[in-house]
Amino acid sequence: MQLLNSFFHIQSRSDEGGAPTFDVVLDPAHAIFRAHFPGNPIVPGVCQVQMTRELLETVLDENLALVRAKNIKYLTVMTPTQQTEYSIAFRKITTEGDTHSITADITAGGTTYTKLSLTFQRVPSTTIKHD
């Protein structure tokens, strides 16, 4: 399930020093939040990883599949009722052939919510189907 332009929207992008950073806005009315959790919605960890993948796809202009989650640290709960605007900054992108390893942070207002170290592999465009 593609989350870009439904669960979240890109507000802006900057590429200072070659490190892309996206300012994104969550849709607190999205159906995911009705299930996770009713009356006390939080951003699921899997959605944070998916958002990062989809943003990396826009940076690299490739379809990607997650092949390794080396390290994911959920430091603060992301609650769309208290905060809808976040920054997702790619601190490092390393490419070897069809494989891209990244480190990224999700932050807002001086608070780091999540730190990710992930590896993705390029896949043919016919392999991934977005809704």
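Cut-offs used in this document
- Residues numbered from 1 in each chain as written.
- Predicted model: local features only at pLDDT ≥ 70, side-chain atom pairs only at ≥ 80, totals over all residues.
- Heavy atoms only, no water.
- Salt bridge = Lys/Arg side-chain N within 4 Å of Asp/Glu carboxyl O.
- Helix = DSSP H or I, 4+ residues; strand = E, 2+ residues; numbered from the N terminus.
- Buried < 20%, exposed > 50% of the residue type's maximum accessible area, 1.4 Å probe, protein only.
- Contact = heavy atoms within 4.5 Å.
- Core = buried A, V, L, I, M, F, W, Y, C linked by side-chain atoms within 4.5 Å.
- Pairing = 2+ DSSP bridges.
- Axes fitted to C-alpha atoms, helices over the stretch in contact; angles between N-to-C directions.
- Polar contact = N/O pair within 3.5 Å; in protein donor to acceptor, adjacent residues only side chain to side chain.

J.: How should I be thinking about the pattern of salt bridges in this particular structure?
T.: Side chains that differ in charge, positive against negative, can pair when their charged atoms come close. Under the defined criterion, the tally for this structure stands at five salt bridges. A salt bridge links R13 to D15, with the nearest nitrogen and oxygen atoms 3.1 Å apart. Close ionic contact of R53 with E57 constitutes a salt bridge, the shortest N to O distance being 2.4 Å. Residue R53 and its partner E57 are located together in helix α2 (residues 45-60), separated by four residues, close to a single helical turn. It is possible to trace a salt-bridge network through shared partners that takes in R91, D105 and K115.

J.: Honestly, unusual backbone geometry in this entry has me stumped. Any pointers?
T.: Residues other than glycine predominantly adopt negative phi, and peptide bonds predominantly adopt the trans conformation. Across the junction of H36 and F37, the peptide omega takes the value 0°, indicating a cis bond. By the element assignment, F37 lies in the loop between α1 (31-35) and α2. One non-glycine residue, N5, lies in positive phi territory at about 75°. The topology assignment puts N5 in the segment before β1 (8-14). For D61, which is not a glycine, the phi torsion comes out positive at approximately 55°. The residue D61 is located in the loop between α2 and β3 (64-74) in this model. Among the residues examined, D61 registers a relative accessible area of 70% and is labelled exposed.

J.: I would appreciate a short explanation of the side chain of T79 in the present structure.
T.: In this structure, T79 sits in the loop between β3 and β4 (85-96). Overall, the relative accessible area of 11% leaves T79 in the buried class. If near-sequence neighbours (up to four positions away) are discounted, T79 is found in contact with P41, I42 and Y86.

J.: Looking at this structure, how should I read the nonpolar core?
T.: Note that soluble globular proteins tend to have their nonpolar side chains buried in a common cluster. One finds F7, F8, V24, M51 and Y86 to be the most contacted residues of the largest nonpolar core, which totals 28 residues. Those elements that place two or more of their residues in this core are β2 (21-26), α1, α2, β4, β5 (99-108) and β6 (111-122).

J.: Hey, could you run me through the sheet that holds β5 in this one?
T.: Pairing between sheet strands relies on hydrogen bonds along the backbone, with the strands arranged either parallel or antiparallel. Read across the sheet, six strands follow the order β1-β2-β4-β5-β6-β3 without closing on themselves; strand pairing throughout is antiparallel. Every interior strand has two partners, whereas the edge strands, β1 and β3, have only one. The mean inter-strand angle of the sheet, taken between neighbouring strand axes irrespective of direction, is 25°. In this sheet, β6 lies alongside β5 in antiparallel orientation, the contact comprising 10 bridges. By the bridge assignment for β6, H100 is matched with F120. Packing against the sheet, α2 makes contact with β1, β2, β3, β4, β5 and β6, and its axis sits at approximately 130° to β3.

J.: For this particular structure, what's the right way to read the environment of Y74?
T.: By secondary structure assignment, the location of Y74 is in strand β3. For Y74, a relative accessible area of 44% translates into the label partly exposed. Counting along the chain gives 29 residues from Y74 to G45, while the straight-line C-alpha distance between them is 7.7 Å. Once you skip the residues sitting within four places of it in the chain, Y74 turns out to touch G45, V46, Q48, V49, Y113 and T114. Within polar-contact distance, the side chain of Y74 engages the backbone oxygen of G45 at 3.3 Å.

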